[in-house]
Amino acid sequence: MRENYEIKNLLKSKDVNIELDYTQCEIIKDENSKVLVIAGAGSGKTTTLLAKVIYLIKYLGVKENEILVIAFTNAAVNEIKMRLQKYNFSCGKVLTFHKLAIEIINSCGKNLNYIVDGKEEFGKSVEKLLNSDKLFKKYVHKIFQNCSNSQVIDNLYTIFHYIKSNGILFSTINNLMMRYLIEKCNNAYRQVMSDNNYCDYDDLIITSTLILNRERKQLNYKYILIDEYQDISRIRYYLIKVLLQNTHAKLLMVGDDWQSIYGFSGSDINLFYDEIKESKVYYLTNTYRNSQELLNFSSSFIQKNSNHLKKKLLSKKNLVNPIKYYYYFSFTKKRCLIKMLNNIPNIDNRMQTIFLLGRFKRDEQFISGINNIKKIDNHRYMYKKAVLEFYTIHAVKGLSADHVVILNMVSGEYGFPSNKKNYFLSKTITNTNKIHDLEERRLFYVALTRTRNYVYLMIPYINHSSYVEEIKRISS
């Protein structure tokens, strides 16, 4: 009983508002070899992960260097480190997958090549092939009709990266012309990378996995904790699998299938679902960011597709009509934004934070030049008693603000949902159109749940998004 009380209040010494709920306490104490935490938006998943690290060190006597925490972005790594330091704790390793791969390669005394993104070198490889390989050029013209060289490079790189990050064999590509192109691209790209002593980000993961598998280097991790597990790719999954075989560490995975939005850059949500069969599963359903009304709307919206796990998210916060609709004609769009900003309530009579969210980077363009909106720095603006920050929806995951404005609820290729599907990828890899449609729905869910209060939708009178009528039906 005393231990339960102490765990519940584990983080109160630095933040009196944080009291861990029953499920969080059970997760923190759980000593199963594999634990999967399925966490709703704003349910305190990072807080749970943080408390688990502190519990392991404080109560179980685990050494700091025996705990490995893996996050997907540098921003997430820095947040976890900062919050641990706030409690006068550190962790032996808080790393991105790529930093982990670098450490493994370095620890084995391997020569680490110069790390590059890879797309530029891939483009050079394609251009060289177009100039030197007649059959390659012929197949490109047959498949990518009416595409410029830059569009050909973009499409081939998307396919190549998708195949590589998912560990797909070239021999499984059914279209023989496309298989020829991809294999030629791969060989030419490998030559360019070798000649320049380059290593790309996917190769870091693959190389570190091969080293661990081959050399069986002894690592001393007893616990491995992974944030945002819904974004796991197949090559990252293989690295974790080999790491577990090497260390016999206990694994804690935290994620939310409703927020899986990186399928076209390699993540595979099926790997997340597969862990349900292999792990002790917990659901974090008490949320601390959104109102219950917004949770009801957004949960109904995301669960329209039966692929997603069913969850009932709960909040103690109530807010009548948390979604606001503002319509505009093309020539009144700027005035619409100003009218909306003027109507956003000032919570607690303090400086408000407002996210301006776009499906694409281009959605920010119209903001510049609006009277009284002053640019502070890159993507940040000031309007009266509010700080405005522009983000694409992919970039805003994990963040929150007092209010959210979704800028461009229009239908079309650059609308929301975007109809900009990769035709050539869908012809090469089956089911990618379905992945696209599911991820557009999850993107809208992510956008809705960034707010602590209201969401404002900017909607054109003509050609507006199909999501507008759908969310209206749900909320009526």
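Starting from 1, residues in each chain are numbered consecutively following that chain's sequence as written. Where local features are concerned, this predicted model is filtered to residues with pLDDT of at least 70; where side-chain atom pairs are given and counted, the filter is 80 or more; whole-chain, interface and lining totals use all residues. Side-chain figures throughout are based on the complete set of non-hydrogen atoms in the structure, without hydrogens or water.

Draft legend 1. Representation of a nonpolar patch on the surface. By definition, no residue in a patch forms a salt bridge, and every one has over 30% relative accessible area; like charges are joined within 9 Å, nonpolar side chains (Val, Leu, Ile, Met, Phe, Trp, Tyr) within 5 Å. Areas reported as accessible are Shrake-Rupley estimates using a 1.4 Å probe. Residue values count occlusion only from the protein chains shown. One speaks of a salt bridge when a side-chain nitrogen belonging to Lys or Arg is within 4 Å of a carboxyl oxygen belonging to Asp or Glu. On the surface, Phe329, Phe331, Tyr461 and Ile462 cluster together to form a nonpolar patch covering roughly 490 Å² of accessible area. Its location among the elements puts Tyr461 in the loop between β15 (451-460) and α18 (466-475). Residue class for Tyr461 comes out partly exposed when judged on its relative accessible area of 46%. Labels follow the DSSP assignment, with helices taken as runs of H or I lasting at least four residues and strands as runs of E lasting at least two, numbered in each case from the N terminus. Three labels apply to residues, based on accessible area from a 1.4 Å probe with only protein chains included: buried if under 20% of the type maximum, exposed if over 50%, partly exposed otherwise in between.

Draft legend 2. View of the sheet that holds strand β1 (residues 34-39). Strand pairing is assigned whenever DSSP detects at least two bridges linking the two strands. Reading across the sheet, the six strands line up as β3-β2-β6-β7-β1-β8 and stay open at both edges, with parallel pairing between neighbours. Pairing within the sheet leaves two strands with one partner each, and these edge strands are β3 (93-96) and β8 (280-284). Across the sheet, the mean angle from the axis of one strand to that of its neighbour is 15°, orientation sign disregarded. Here strand β6 (residues 223-226) runs beside strand β7 (residues 250-255); their pairing, made up of four bridges, is parallel. Paired with Ile224 across the strands is Leu251, a residue of β7. In the packing of helix α4 (residues 74-86) onto the sheet, the strands contacted are β2 (67-71) and β3, and the crossing angle to β3 comes to about 165°. To get an axis, fit a line to the C-alpha atoms, keeping to the stretch in contact for a helix; angles then go from 0 to 180 degrees between the N-to-C directions. In this analysis, two residues are considered to be in contact whenever any of their non-hydrogen atoms come within 4.5 Å of each other.

Draft legend 3. Spotlight on the environment of Leu11. With respect to the helices, strands and loops of the structure, Leu11 is situated in the loop between α1 (2-8) and α2 (22-29). Since its relative accessible area comes to 0%, Leu11 is described here as buried. Sequence spacing of Leu11 and Thr47 is 36 residues, and the spatial spacing of their C-alpha atoms is 8.8 Å. If near-sequence neighbours (up to four positions away) are discounted, Leu11 is found in contact with Ile18, Leu20, Thr47, Leu50, Ala51, Ile54 and Tyr87.

Draft legend 4. Geometry of the sheet that holds strand β11 (residues 374-377). Strand order in this open sheet of seven strands is β9-β15-β14-β10-β13-β12-β11, and the pairing throughout is mixed. A single partner strand is all that each edge strand has here, and the edge strands are β9 (323-328) and β11. Ignoring which end each strand starts from, the neighbouring axes of this sheet average 25° apart. Here strand β12 (residues 380-383) runs beside strand β13 (residues 386-392); their pairing, made up of four bridges, is antiparallel. In the sheet register, Tyr383 faces β13, and the bridge partner there is Ala386. Relative to β9, α18 is tilted by about 145°, and along the sheet it contacts β9 and β15.

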